[in-house]
Amino acid sequence: MTSKKRIVVLGGGISGVTIALRLQELGFQAEICEAEDHIGGLAGTVRPDGGKYCLDFGPHFFITQKEEIVDRITDLVADDVVSFQRSAQLHVQGRFLDYPLSAKNVMLNFPPVDAIASVATFLWAQLMQSVQRTLGSDVPQSHFGEWAAANFGSHLAKVFFRPYTEGFWKLPCEQLSPEILPTSTRLNFMKSLRMMLLRKVSGQAQSLTERELVLPLRYPTRGYGMIAEEIAERVLNMGGVIRRNAKVSEVQARADGGYVVAANQNGQAVELETDYVVSTIPTPDLVDMMFPAAPASVRQSAKKLGYLALIVLYAVTSKRDLLDTSYVYYLGRPYHRLAEMDKFCDTLCPPGENMLAVEFSCHHGDDLWKMSGQELFELSLPHLEQDGILSRKHATKLFLLRAAHAYPIRYYGFREHLDNVLEYVQAQPNLNVLGRTGEYRYIDSDQCMERAFALAEQIADTLQT
Ligand SMILES: Cc1cc2nc3c(=O)[nH]c(=O)nc-3n(C[C@H](O)[C@H](O)[C@H](O)COP(=O)(O)OP(=O)(O)OC[C@H]3O[C@@H](n4cnc5c(N)ncnc54)[C@H](O)[C@@H]3O)c2cc1C
């Protein structure tokens, strides 16, 4: 194929670089506009102090069953990847439980009164659901709070699901859809409960979460961002263009079906003529940038979509074995997860040093978002000291990362608005959205890559006909 049609990719995260690479391979001219200095987006790595420290946007690991993706990754970073088994915990009311929460944990590790109430209300909820099904009445689609009580029982919803969910999303359960919970977590808990309580043991395939527990996880030695950086390198080697510090501000449709993409790169206005646009940037931002403007109903729907932000504080220390597992999720702390980076890979900081990654979810611009690294450390310190993890004298240095669009928020009723927006955007000729941030899907980096491969083929078909 010799076509040199041009595709501009908005955003240089893992989705953006993967599709750019595949498009180059298919004979197109790909050009990425990335607002930040670093490539990789959420799956990127920032390396301060002259590259001595490798900081991810929340610790990542690579896992996939898809052979094509495994081959690609192996080909890219084979010599620089370590493998480890996943080990994660949940810290609730002073007790360490399995992550994700299992029925066994509820029965064996919850205080007896909570365990009994959890089992009793779970069975009651199951009975109510069966009665409703027998009577043929549909179980109404409700917000997360009602859904959790109907599926897990009112007690577990009260002592675990509600506080955990509200602590993480910083929103009341009434404003959230049940779709905020990954399917694997739902299945894992429900399956284990059914097996233990209702004796419905089955030989069905393991859920994703269960597979994560047994499959080796891959982690590159200089931070997760190495994967996106290696892909970006190949894009450049194949003649693709990557513009860093290039923030896109307008996507203007041309009469011939192409587009003009306007961006600001290092303070300079640039305009890129293109045959096709792939957007991996936040969906509401894309809608705002489209010219001619999207209909008012689409713009209103776009405003109903939003993202939860993430702050990651890295505390450098000479201490080892801060945690018993790679990471621990917390309930009732200002942070929601702690990870010990040495347990991912011991080459992320200079020899003799280790890092504790402290993750805070927040909303862009709120009080937490505005805090400095030192303020976040002071907020966390009493809990870190109380739990015997880290004391002031052991923290030698702090680094801070912020990501404004870490998790698409599945508000109660979001589906209608998302469909409205995606239907409009995807009806535009020669334009499509891709990835976790662009498609507003709660997906991981391997799934972003898989979708990037598929979309590249689709674009090739479109532009060749
Ligand atoms: C805390 C956390 C932990 C995770 N752990 C894992 C894990 O262990 N394994 C895993 O596989 N996945 C994990 N994920 C998911 C993974 O990070 C994402 O699926 C993936 O990085 C999404 O990539 P993307 O390219 O679709 O989006 P993004 O990474 O969001 O990329 C979008 C890019 O667009 C850029 N951009 C935004 N606006 C503009 C603009 N106006 N102009 C130009 N550029 C713009 C952004 O800077 C960004 O680089 C995790 C995610 C989080 C938040």
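Residues numbered from 1 in each chain as written. Predicted model: local features only at pLDDT ≥ 70, side-chain atom pairs only at ≥ 80, totals over all residues.

**Focus: the nonpolar core**
Right, so step 1: The biggest cluster of nonpolar side chains holds 130 residues, and the ones touching the most others in it are Val17, Ile227 and Leu338.
Right, so step 2: Ranked by residues supplied to this core, first place goes to strand β15 (residues 306–317) with 10 residues.
Right, so step 3: If we skip the residues at most four places from it in the chain, valine 17 touches Gly12, Ile32, Ile39, Ala228, Ile231, Ala232 and Val235. (Core = buried A, V, L, I, M, F, W, Y, C linked by C-beta atoms within 7 Å. Buried ≥ 20, exposed ≤ 12 C-beta atoms within 10 Å, placed from the backbone. Helix = DSSP H or I, 4+ residues; strand = E, 2+ residues; numbered from the N terminus. Contact = placed C-beta atoms within 7 Å.)

**Focus: helix α10 (residues 226–237)**
Right, so step 1: Look at α10: 16 Å from first C-alpha to last across 12 residues, which is about the 16 Å you get at 1.5 Å a residue.
Right, so step 2: Considered for burial, the residues of α10 that qualify are Met226, Ile227, Ala228, Glu229, Glu230, Ile231, Ala232 and Val235.
Right, so step 3: Check the buried side of α10 and you find it contacts α1 (14–25), β2 (29–33), β3 (45–46), α3 (67–77), β8 (217–220) and β9 (241–243).
Right, so step 4: Directly after α10, the chain includes glycine 239, whose backbone phi takes a positive value near 95°. (Expected span 1.5 Å × (residues − 1).)

**A word on the site of the ligand**
Right, so step 1: Close to the ligand lie 35 residues; Gly11, Gly13, Gly41, Gly58 and Gly435 are nearest.
Right, so step 2: For the shell around the ligand, the secondary structure elements donating two or more residues are α1, β10 (246–253), β19 (395–409), α16 (435–439) and α17 (445–464).
Right, so step 3: Tallying contributions element by element places α16 first for the shell around the ligand, with 4 residues.
Right, so step 4: When its residues are assigned to classes, the shell around the ligand shows 14 nonpolar, 14 polar and 7 charged.
Right, so step 5: Residue-level mapping places the shell around the ligand at the junction of two domains, with at least three residues from each of domain 1 (6–38 + 225–305 + 411–464) and domain 2 (45–65 + 74–85 + 216–220 + 306–410). (Near = placed C-beta within 6 Å. Nonpolar A, V, L, I, M, F, W, Y, C, P; charged D, E, K, R; others polar. Domains from an automatic or database assignment.)

**Brief notes about the packing of α3 against α10**
Right, so step 1: Contact geometry for α3 and α10: axes closest at 10 Å, N-to-C directions at 80°. With respect to α10, the axis of α3 lies roughly perpendicular. Each of Ile73, Leu76 and Val77 in α3 lies in contact with α10, whose residues at this interface are Met226, Ile227, Glu230 and Ile231. (Axes fitted to C-alpha atoms, helices over the stretch in contact; angles between N-to-C directions. Parallel < 35°, antiparallel > 145°, perpendicular 65-115°, else oblique.)

**Description of the packing of α1 against α17**
Right, so step 1: Here α1 crosses α17 at 35°, and the two axes come no closer than 8 Å. α17 is crossed by α1, and the crossing has right-handed handedness. Taking contact as the criterion, the partners of Ile14, Ser15, Thr18, Ile19, Arg22 and Leu23 in α1 are, on α17, Ser445, Cys448, Met449, Ala452, Phe453, Leu455, Ala456 and Ile459.
Right, so step 2: Along the lines of polarity and charge, the residues of the contact of α1 with α17 split into 10 nonpolar, 3 polar and 1 charged. (Left-handed = near helix turned anticlockwise from the far one by under 90°.)

**Brief notes about the domain arrangement of the protein chain**
Right, so step 1: Examined at the domain level, the protein chain breaks down into domain 1 (6–38 + 225–305 + 411–464), domain 2 (45–65 + 74–85 + 216–220 + 306–410) and domain 3 (103–205).
Right, so step 2: If you look at the interface, domain 1 gives 16 residues, while domain 2 gives 17 residues.
Right, so step 3: Elements represented by at least two residues in the side of domain 1 that touches domain 2 include exactly α10 and α17.
Right, so step 4: With 4 residues, α10 is the single largest residue contributor to the side of domain 1 that touches domain 2.
Right, so step 5: For the side of domain 1 that touches domain 2, the residue count by class is 9 nonpolar, 4 polar and 3 charged.

**A short note on the sheet that holds β9**
Right, so step 1: In space, the 5 strands of this open sheet follow the order β9-β2-β1-β13-β20, with parallel pairing throughout. Bordering the open sheet on either side are β9 and β20 (431–433), each of which pairs with just one other strand. On average, adjacent strands in this sheet sit at an angle of 15° to one another, irrespective of strand direction.
Right, so step 2: Note that strand β1 (residues 6–10) and strand β13 (residues 276–279) share 4 bridges and pair parallel. Note that in β13 the partner of isoleucine 7 across the bridge is tyrosine 276. (Pairing = 2+ DSSP bridges.)

**A look at unusual backbone geometry**
Right, so step 1: For the bond from phenylalanine 291 to proline 292, the omega torsion is 0°, close enough to zero to count as cis.
Right, so step 2: You can see proline 292 is positioned in the loop between β14 (290–291) and α12 (296–303).

**Focus on the environment of valine 92**
Right, so step 1: On the secondary structure map, valine 92 appears in strand β6 (residues 88–92).
Right, so step 2: Here the alpha-carbon distance between valine 92 and arginine 22, two residues 70 residues apart in the chain, equals 44 Å.

**Some details on the environment of asparagine 105**
Right, so step 1: Here asparagine 105 is to be found in helix α4 (residues 103–109).
Right, so step 2: Assessed through the 21 C-beta atoms surrounding it within 10 Å, asparagine 105 is described here as buried.
Right, so step 3: If we ignore the near neighbours within four places in the chain, the residues touching asparagine 105 are Leu97 and Asp98.

**A few points about helix α5 (residues 112–134)**
Along an α-helix, residues three or four apart share an orientation, since each turn contains 3.6 residues.
Right, so step 1: For α5, spanning 23 residues, the distance from its first C-alpha to its last is 33 Å, which sits close to the expected 33 Å at 1.5 Å a residue.
Right, so step 2: Within the sequence span of α5, burial applies to Ser118, Val119, Phe122 and Ala125.
Right, so step 3: One or two steps after α5, the chain reaches glycine 136, where phi turns positive at roughly 80°.

**Side note on the confidence of the model for the protein chain**
Right, so step 1: The predicted model of the protein chain has a mean per-residue pLDDT of 89, with 91% of residues at 70 or higher.
Right, so step 2: Low pLDDT, under 50, characterises residues 198–208; the stretch is placed with 9 contacts to residues that sit more than four places away or in other chains. (pLDDT = per-residue confidence, 0-100.)

**Thoughts on the sheet that holds strand β17 (residues 337–340)**
In any sheet, the strands associate via hydrogen bonds between backbone groups, in a parallel or an antiparallel arrangement.
Right, so step 1: Ordered in space as β7-β6-β16-β17-β18-β15-β19, the 7 strands form an open sheet in which the pairing is mixed. Of all the strands in the sheet, the pair left with one neighbour each is β7 (95–98) and β19. Going from strand to strand, the sheet's axes swing by 25° on average, the running direction of each strand aside.
Right, so step 2: Packing of helix α14 (residues 373–386) onto the sheet brings it into contact with β15, β18 (354–362) and β19, and relative to β19 it is tilted by some 95°.

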